[in-house]
Amino acid sequence: MTNPADDDSAGRSIWTRPERGARGPAPTHSRDEIAAAAVELADADGLGAVSMRAVAGALGMAAASLYRHLSSRDDLLDLMVDRCVGELRPYPADDGSWQDRFLLLARRQLALYQRHPWLPDAIARRTVPGPNTLAHFDACLRLLRPVKAGVVAKFEAIAMVTGVVSLFAGSAAAAGTLTFDHVDLATYPHLAAAFAEPPSAAPGGDLFERTLRSLLTGLLTTDPT
């Protein structure tokens, strides 16, 4: 269903359309208000709880009225993602090493995903980035400016860091779900040998930091020759 106030909206990104169409009644809520209501629903009950009807109900309006603002649920998800990515501001300043600055931004991204566990799934959709998402990519490239690597390598690094952040956010949510207690390891010799070894100290440093520093070093500073 397209916006009845703007007949040429079909197929156009939400970011290329004005908030108010050339015809029809004025919208009763801003896009940011709509996105905020949708984010609240997703935070409480997951992404599956977010529908045009549910968001309209949260705003005290009829579902059909929401189509004066948006063309589809995809528009709604795009608004939600961009609103949440805006929480990463302010971006790290240009002081310290580039790895330290990038790691700080990655930690903020991890905290963002932990606040909004549904966000990685929403980001994984094929979508057109909004202004906050574009600002995030711009900040990443600014932080990587001292690195003597090509643009493709830098975008690969940004994508891989985002993937690792998503993995850590999901792992934190699932912590404690795997246990070997009361399991007979007799037929699993390598597991049995591993558990039979004397306890050893864990590697130094935070696993998140060690992983990202190794990843960034390997992708951006290691000479492939």
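In case you missed it, the structure is sitting above this.
Every value quoted in this text rests on a predicted model; they were computed, and no experiment measured them.

A. Focus on the overall build of the protein. Of the regular secondary structure elements, the protein holds 10 helices and 0 strands. For the protein, the succession of helices and strands along the chain, N to C, is α-α-α-α-α-α-α-α-α-α. Looking at the 225 residues of the protein, the share that counts as buried comes to 38%.

B. Fine view of the packing of aromatic side chains. Under the counting rule described, the total for this entry stands at 2 aromatic pairs. Measuring from ring centre to ring centre gives 6.3 Å for Phe137 and Phe155, while their planes differ by 50°; the resulting arrangement is tilted. With a gap of 18 residues between them, Phe137 in helix α7 (residues 131–143) and Phe155 in helix α8 (residues 151–173) connect regions that are remote in the sequence. An angle of 80° between the planes, with centres 5.1 Å apart, marks the rings of Phe168 and Phe208 as edge-to-face. A residue pair is termed long-range when its members are at least 10 positions apart, and Phe168 in helix α8 and Phe208 in helix α10 (residues 207–220) qualify at 40 residues. In this structure Phe168 comes out as buried when scored by relative accessible area, which is 19%.

C. A look at α10. With 14 residues, α10 ought to run about 20 Å at 1.5 Å a step, and its terminal C-alpha atoms sit 20 Å apart, in line with that. Buried residues of α10: Phe208, Leu212, Leu215, Leu216 and Leu220, and no others. In a view along the axis of α10, the buried residues occupy a sector of 95°, so they form one face of it. Of the residues that open α10, the one with a side-chain oxygen 3.3 Å from the backbone nitrogen of Phe208 is Asp206.

Reading the values: the criteria
- Residues numbered from 1 in each chain as written.
- Predicted model: local features only at pLDDT ≥ 70, side-chain atom pairs only at ≥ 80, totals over all residues.
- Heavy atoms only, no water.
- Helix = DSSP H or I, 4+ residues; strand = E, 2+ residues; numbered from the N terminus.
- Buried < 20%, exposed > 50% of the residue type's maximum accessible area, 1.4 Å probe, protein only.
- Phe/Tyr/Trp six-rings, centres within 6.5 Å; stacked < 30°, edge-to-face > 60°.
- Expected span 1.5 Å × (residues − 1).
- Arc of directions from axis to C-beta.
- Polar contact = N/O pair within 3.5 Å; in protein donor to acceptor, adjacent residues only side chain to side chain.

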